[in-house]
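# Working through the structure, step by step
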Amino acid sequence: MSSNFYAAVTIILWGAMPALAKDLLNALPNFETLALSALFAFLFLLAVNRREGALKKLSAEEIFTAASLGFLGLFLYSAFFYYGLARMTSQEACILNYLWPLMIVLFSCPILGEKLTRRKIFAVGMSFAGVIVVMAGGIENFSSEKIFGALSCVIAAACYGLFSVLNKRRRLNQKLAMMIIWATTAACAFIAGYFLEQWTLPNLRQIVGLLWLGVMINAVAYLTWALALETTTNTARTANLAYLVPILAIFISTFVAGEELSLAVIPALILILGGIFICR
């Protein structure tokens, strides 16, 4: 199959994630949602790697490295993102989540030795102006709850940006690494949920939603994105397709999930994605 097919599958799955996660978080505690969806992702990837006979290739060092990356890049990232998502609309949270490409730029300077140019500084400032627009969203909506939600999404983007840089530096087998990463995320979320939340028994509809979030969005979408980048003849063009995700997420949240379209969403999206494109 072509890289465009794999990229299209990824964009559709990731675009549906904020609305689905928001719906689950309205009924289930944050860490319960994260723990169960991460567990389903781990079990799916375990089955894939076992079928391919790849489990024997894991070394103790690779397991430790992937687990460390998992704690930073998907447990902390998801925990902060879910916290913000529970306090904002899925449109707003998704847009703020797309600060992670800018975070990659910032962390690549000290870690990978890349230069921090004036163009990059301007791009970062432009994208963070988008954050302020989302946080404001009209003076009547400027509440402490929304401020904490927005800051949480920004921290989540920073966690994922740092994870991406460190993951690139380590160059792990992605199918095996993602299996360990989701296992670590599930374990940490179960522990955090045990001490911090009162869990509820999900109904059949919520179980189906958790399975879809874990298997299709957490596991399959990451694999199809890796395949898209692996099979493409133009990596930059394929990578740029990822910026369709927040646009699709806004469409799904508004016309499928029934959220009211915020007036702050469009200018914020322009500022944040504009900053990303200037920085490229």
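Before reading further, recall that the structure is shown in the block above.
Residues numbered from 1 in each chain as written. Predicted model: local features only at pLDDT ≥ 70, side-chain atom pairs only at ≥ 80, totals over all residues. Heavy atoms only, no water.

### Points about helix 2 (residues 30-51)
Across its 22 residues, helix 2 extends 32 Å between first and last C-alpha, which sits within 8% of the 32 Å expected from 1.5 Å per residue. Glycine 53 sits one or two positions beyond helix 2 and adopts a positive phi of about 70°. (Helix = DSSP H or I, 4+ residues; strand = E, 2+ residues; numbered from the N terminus. Expected span 1.5 Å × (residues − 1).)

### Examining the pattern of salt bridges
Counting across every chain of the model gives two salt bridges. Where lysine 175 meets glutamate 52, a salt bridge forms, and the shortest distance between an N and an O atom there is 3.0 Å. Of this pair, lysine 175 sits in helix 8 (residues 174-196) while glutamate 52 sits in the loop between helix 2 and helix 3 (60-85), and the two are 123 residues apart along the sequence. When its relative accessible area of 28% is taken as the criterion, lysine 175 is described as partly exposed. (Salt bridge = Lys/Arg side-chain N within 4 Å of Asp/Glu carboxyl O. Buried < 20%, exposed > 50% of the residue type's maximum accessible area, 1.4 Å probe, protein only.)

### Comments concerning the nonpolar core
Judged by nonpolar contacts, the single largest core of 74 residues is most densely connected at Trp14, Leu74, Phe81 and Trp182. A per-element tally of this core places helix 9 (residues 204-231) first, with 11 residues. (Core = buried A, V, L, I, M, F, W, Y, C linked by side-chain atoms within 4.5 Å.)

### Things to note about the state of the cysteines
Applying the stated criterion to the full structure yields zero disulfides. The closest cysteine sulfur to the non-disulfide-bonded cysteine 153 is located on cysteine 94, 9.6 Å from its own sulfur. Classification of cysteine 153 by relative accessible area gives buried; the value is 0%. You can see cysteine 159 has no disulfide; the closest cysteine sulfur is in cysteine 153, sitting 12 Å from it. (Disulfide = S-S within 2.5 Å.)

### Section: the side chain of threonine 224
Relative to the helices and strands, threonine 224 is located in helix 9. A relative accessible area of 10% places threonine 224 in the buried class. At 2.6 Å, the side chain of threonine 224 and the side chain of threonine 10 are in polar contact. Residue contacts for threonine 224: discarding those within four places in its chain leaves Tyr6, Val9 and Thr10. (Polar contact = N/O pair within 3.5 Å; in protein donor to acceptor, adjacent residues only side chain to side chain. Contact = heavy atoms within 4.5 Å.)

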